[in-house]
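Coordinate inspection notes
This is what each chain is made of:
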Amino acid sequence: MQMNERIAICPGSFDPITFGHIDIITRASAMFDKIIVVVMKNNNKTSSFSSEERKEFIIKSVGDLKNVEVDVYDGLLADYAKQKNACAIIKGLRAMSDFEYEFQMALTNKKLNPQVETIFLTTSAENMYLSSSMVKQIASMGGDISEFVPGSILQEISNRLKKNK
Ligand code: PNS
């Protein structure tokens, strides 16, 4: 680790990663020395892909960004940020419906780890209504998800979700 390296965490369930996440990670990577994208557990969601599968999808999607690392962590985000000496947590904000939940998480994380700031990046307009759950629903019904996920992971995601039907 370099001295005074500014590290930010991009946490999420990434089940699977979409162009919405990729946009946020790419923009965050231009703002910090290092970004750690971390696959975590969201207790309110049931995942369709294993943590390792989700990690692989992320690597295939943003692996070309030189200052981005990808990890999996099963505990609290606030603890992970402390372990990694991160100064920021980056989250993407879509419609107003995201706001209350994200605000609550940001305040909780600040209580648990006062050293870390949550920074919200507004999603790009074209990704405003894009979500992993929508992608999964479309793919499981045989729909085309090429507008939502990169070509490098498209087939794997489509095949897996169709099989699960
Ligand atoms: O992509 P998501 O589902 O919006 O990401 C939410 C996530 C995984 C970042 C959040 O559920 C989380 O931080 N989980 C790790 C456990 C934790 O720290 N919970 C307390 C959050 S206040």
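Below you will find a few notes about this structure. Worth saying up front: this structure is predicted, and the values here are computed from it rather than measured.

We now examine the site of the ligand. For the ligand, the set of nearby residues contains 15 residues, the closest of which are Ser13, Lys41, Asn42, Lys45 and Leu77. Note that a nitrogen atom of the ligand is positioned 3.0 Å from one of the backbone N or O atoms of lysine 41. In isolation the ligand has 540 Å² of accessible area, and contact with the protein removes 83% of it. Broken down by secondary-structure element, the contributors of at least two residues to the shell around the ligand are β1 (7–12) and α4 (99–112).

Right, let's get into helix α1 (residues 19–29). The complete set of buried residues in α1 reads Gly20, Ile22, Asp23, Ile24, Ile25, Ala28 and Ser29. Looking at the buried side of α1, the elements it contacts are β1, β2 (34–39), α2 (51–62), β3 (68–72), β4 (88–93) and β5 (117–122).

Looking now at the pattern of salt bridges. Any two side chains of opposite charge can pair, so long as their charged atoms come close to each other. Counting across every chain of the model gives 10 salt bridges. Between aspartate 15 and arginine 54 there is a salt bridge, and its shortest N-O distance comes to 3.8 Å. Residue aspartate 15 is found in the loop between β1 and α1, and its partner arginine 54 is found in helix α2; the two are separated by 39 residues along the sequence. One exposure class covers both aspartate 15 and arginine 54, and it is buried.

The subject of this paragraph is unusual backbone geometry. With an omega dihedral of 5 degrees, the bond running from aspartate 15 to proline 16 counts as a cis peptide bond. Position of proline 16 relative to the elements: it lies in the loop between β1 and α1. The phi dihedral of phenylalanine 14 is positive, around 45 degrees, even though this residue is not glycine. Counting through the fold element by element, phenylalanine 14 comes out in the loop between β1 and α1. Its identity as a non-glycine residue notwithstanding, asparagine 85 has a phi of 60 degrees, on the positive side. As for its position among the elements, asparagine 85 is in the loop between α3 (77–83) and β4.

Turning to the packing of aromatic side chains, a few remarks are in order. Under the criterion given, the structure shown has three aromatic pairs. For the pair phenylalanine 99 and phenylalanine 103, a centre-to-centre distance of 5.2 Å together with 25 degrees between the ring planes defines the contact as stacked. In this pair, phenylalanine 99 and phenylalanine 103 are both assigned in helix α4, four residues apart and thus about one turn of the helix distant.

The next subject is the nonpolar core. Inside soluble globular proteins, nonpolar side chains tend to come together where they are buried. Core analysis: the largest hydrophobic core is formed by 31 residues, its most contacted members being Ile17, Ile25, Ile35, Val37, Ile58, Ile90 and Ile157. Of all the elements in the fold, those that place two or more residues in this core are β1, α1, β2, α2, β3, β4, α5 (132–140) and α6 (151–163). Counting 11 residues, the second largest nonpolar core, distinct from the first, contains Val38, Met40, Leu77 and Val116.

Conventions used here
Residues numbered from 1 in each chain as written. Predicted model: local features only at pLDDT ≥ 70, side-chain atom pairs only at ≥ 80, totals over all residues. Heavy atoms only, no water. Near = heavy atom within 4 Å. Polar contact = N/O pair within 3.5 Å; in protein donor to acceptor, adjacent residues only side chain to side chain. Areas by Shrake-Rupley, 256 points an atom, 1.4 Å probe, with all protein chains shown as cover. Helix = DSSP H or I, 4+ residues; strand = E, 2+ residues; numbered from the N terminus. Buried < 20%, exposed > 50% of the residue type's maximum accessible area, 1.4 Å probe, protein only. Contact = heavy atoms within 4.5 Å. Salt bridge = Lys/Arg side-chain N within 4 Å of Asp/Glu carboxyl O. Phe/Tyr/Trp six-rings, centres within 6.5 Å; stacked < 30°, edge-to-face > 60°. Core = buried A, V, L, I, M, F, W, Y, C linked by side-chain atoms within 4.5 Å.

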